[in-house]
Amino acid sequence: MNTGWHNLNKKWVAVLSLLLAGITTTYAQQVNVNNIQQDTALFSVFHSLSAADSSVISILHLGDSHVQAGYFPLATASLLQQQFGYAGRGYVFPYSLAGTNGPEDFRWNSTVRWSSERVVDRNKSSVLGPGAIVITSLNDAPNLAFSGKPDGSMDNNFREAELFYDAGSTNNTVVAPDATVTVTPAPFPGSPTISMATLHFPQMVNSFQVRWEGTGNGPFRFFGAVMKNGRPGVLYNSIGINGAMYQQYNEFDNTLLAQMAVLKPQLVIISLGTNEAYGGRMDPLTFRDEIDRTVTLIREQNPATRILLTTPPDCMRAGRKGVRKKVGKRKYKTIYHTVYYPNPYISMVTQQIMGYARQHGLACWNFNAVNKAQKDRFAGAWAPDHIHFNVRGYQQQGQLLYEALQQSYTHYLQQTKKNPVISNDQR
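From a predicted model like this one, the values you see are computed outputs, not experimental measurements.

Draft legend 1. Main features of the nonpolar core. Membership of the largest hydrophobic core comes to 80 residues, with the highest contact counts inside it found for Trp108, Leu163, Phe188, Phe208, Trp212, Phe222 and Leu309. Looking at which domains feed residues into this core, each of domain 1 (32-87 + 231-311 + 341-417) and domain 2 (90-230) supplies at least three. If sequence neighbours within four positions are ignored, Phe222 has contacts with Phe93, Pro94, Trp108, Trp114, Val134, Ile135, Leu144, Leu163, Phe164, Tyr165 and Trp212.

Draft legend 2. How the structure looks around the domain arrangement of the protein chain. Domain annotation for the protein chain reports domain 1 (32-87 + 231-311 + 341-417) and domain 2 (90-230). Computed from C-alpha atoms alone, the centre-to-centre distance between domain 1 and domain 2 is 26 Å. Of the roughly 2,700 Å² buried where domain 1 meets domain 2, counting both sides, 62% is carbon and sulfur surface. The interface formed by domain 1 and domain 2 holds zero salt bridges in total. For the interface between domain 1 and domain 2, the tally reads eleven residue pairs in polar contact (both at pLDDT 80 or more). For the side of domain 1 that touches domain 2, the elements supplying multiple residues, two or more each, are α4 (71-84), β14 (233-240), α5 (246-251) and α6 (254-263). With eight residues, α6 is the single largest residue contributor to the side of domain 1 that touches domain 2. Here the residues of the side of domain 1 that touches domain 2 sort into 19 nonpolar, 13 polar and one charged.

Draft legend 3. Region of interest: the sheet that holds strand β1 (residues 36-37). Reading across the sheet, the six strands line up as β1-β19-β16-β15-β2-β14 and stay open at both edges, with mixed pairing between neighbours. With partners counted over all chains shown, the strands left at the sheet margins are β1 and β14, one partner each. Direction of pairing for strand β2 (residues 56-63) relative to strand β15 (residues 267-271): parallel, over a ladder of five bridges. Residue pairing in the sheet places His61 in a bridge with Ile269 of β15.

Draft legend 4. Expanded view of the side chain of Ser78. As for its placement among the helices and strands, Ser78 is situated in helix α4. Setting aside its immediate chain neighbours within four residues, Ser78 contacts Ser153 and Met154.

Draft legend 5. Highlighting the pairing of strand β16 (residues 306-310). In terms of burial, β16 is a largely internal element, five of the five residues being buried. Residues Arg306, Leu308 and Thr310 line one face of β16 and the alternating positions Ile307 and Leu309 line the opposite face, and both faces are buried. Here β15 pairs with β16 via four bridges, running parallel. Considered in β16, the bridge of Ile270 is made with Leu309. After leaving β15, the chain enters helix α7 (residues 284-301) and then returns to the sheet as β16, a path that is right-handed. When β16 meets strand β19 (residues 363-365), the two strands line up parallel, connected through three bridges. What sits directly across from Leu309, in β19, is Cys364.

Draft legend 6. Layout of α6. Of all the ten residues making up α6, eight are buried; the element is thus mostly covered by neighbouring parts of the structure. By the burial criterion, the buried members of α6 are Asn254, Thr255, Leu256, Ala258, Gln259, Met260, Val262 and Leu263. Remark: Lys264 follows α6 within two positions and exhibits a positive phi of approximately 45 degrees.

Criteria and cut-off values
Residues numbered from 1 in each chain as written. Predicted model: local features only at pLDDT ≥ 70, side-chain atom pairs only at ≥ 80, totals over all residues. Heavy atoms only, no water. Core = buried A, V, L, I, M, F, W, Y, C linked by side-chain atoms within 4.5 Å. Buried < 20%, exposed > 50% of the residue type's maximum accessible area, 1.4 Å probe, protein only. Domains from an automatic or database assignment. Contact = heavy atoms within 4.5 Å. Buried area = accessible area lost by both parts, 1.4 Å probe. Salt bridge = Lys/Arg side-chain N within 4 Å of Asp/Glu carboxyl O. Polar contact = N/O pair within 3.5 Å; in protein donor to acceptor, adjacent residues only side chain to side chain. Helix = DSSP H or I, 4+ residues; strand = E, 2+ residues; numbered from the N terminus. Nonpolar A, V, L, I, M, F, W, Y, C, P; charged D, E, K, R; others polar. Pairing = 2+ DSSP bridges. Right-handed = clockwise from strand over helix to strand, strands pointing away.

Next comes the structure, spelled out in C-alpha cells:
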C-alpha cells in the first residue's frame, strides 16, 4: 500500500514537474517573444556591423504598404544608424509625382507631367527598376528636383546621388547645377538605354536639381535614386508597394534582379504576407512556394546575402453588425455599425513564413506574436481599417524590430567572445 502510494506520488511529481516546466517555458516565450528565430543565420551581417566604422553595410527592406509609408523602416533604420554609423539616405523615389504616398522626410518636384506604373498594376512596362515603380514623361526635357527636409527623421545630407533612368537613347545630356555628372550604363537588366547618372557634389548638400536635354519625344522613365554621403555605416534602403505580394515580385522578377544589382544588400528584410491574407481563398502550399521563389532568386544573385523574414501584424477583418432599434410604436429600424474580427488567414500566413524559415535556416522575426503579446501597447496604434497602423504604431513596430536585432547582435557578440572563430556558414 505504502509502496503503491509512494510510486503514485512519484508519478504525480513527475507529471507536475512536466506541467510546471511547460508553463515556465510558455511564460518565458510569452515574456520574450520579441526575438529573432534562427538568428545565427545573421551572424555574417553582425560581423560586418561590428566593423561598420570602416565599411558600408547595405540593407534592403522589401515589403508592401506597411513599408511604403516609411514610418516602420525609418524607425529601424535611424536606430541602427545611430549605433553603427550613417552611410546615407539610401533609395528614394518621387512617390508624390506618381500620385501615391511615401516617406515624408523628403520631397520631389517637377515642372512636367508624369504618369506611373507599379508592380501591382495589371498593365505595366516590362521594366520597373529597383523600386518596383516607375514614373514616365513625354516631355523632351524632363526635370526633377529633390530636397530633404532638414527636420526629418533622417539626415538627408549627401555628397553623391545615383539616378536611374531610361531616356530611350543615349544621345542626351544630363544637367545638374553644382554637381559633376558621370553617366554609365545601369547595372540592372532591361532596355540597353537604361542609364545611371551619378551626381558628385564637392560638399554635403540636401537638395539638387537635374534636367535631361535632347531626350526626344519618346517616353522618358525614371526609376528612383540612391543617396550616399561617402561615410561608413548602414545604408538602409526601404522599398514597399501598396498591395504588393510575393507573387507579384516573383512574376516581375527583374525588380528583384535590379535590387540585387543596384543595392547589393548584405541583408534583405522581407515584410510581406498581409495582402495574401486578404486576397480571398488562400492556398498555404502555393504561398510557401512563392516565398521559396523569392528567396531562391535572391540567393542565386548573391549567395552571401542574408535574409530575414518577418510576419505581418495581427490584422483584423471589418464587418457590419445590425441592431434593431425601436423608433416608433410599431416601427423598428436596423442600425449598422462596424465590427472587427480576427482574420484566420493572417495566422495561416504567419505559420507558413515561420515554417519556411525554420526549414531553410532563415532568420525570422515573428512580429505577429509580438503584436499579440503587446496588445495593450498597440491598442491606440491602429488605423481605422485595423489592417494598417497609424504613425505611432509603425514607429513602435520599427523600434521593436531594432530591439530584436539588437538582442541577436548581443547574442553574436557573446558567441564570438566564447569562440572567436566563426564558421564560414555564419560568415
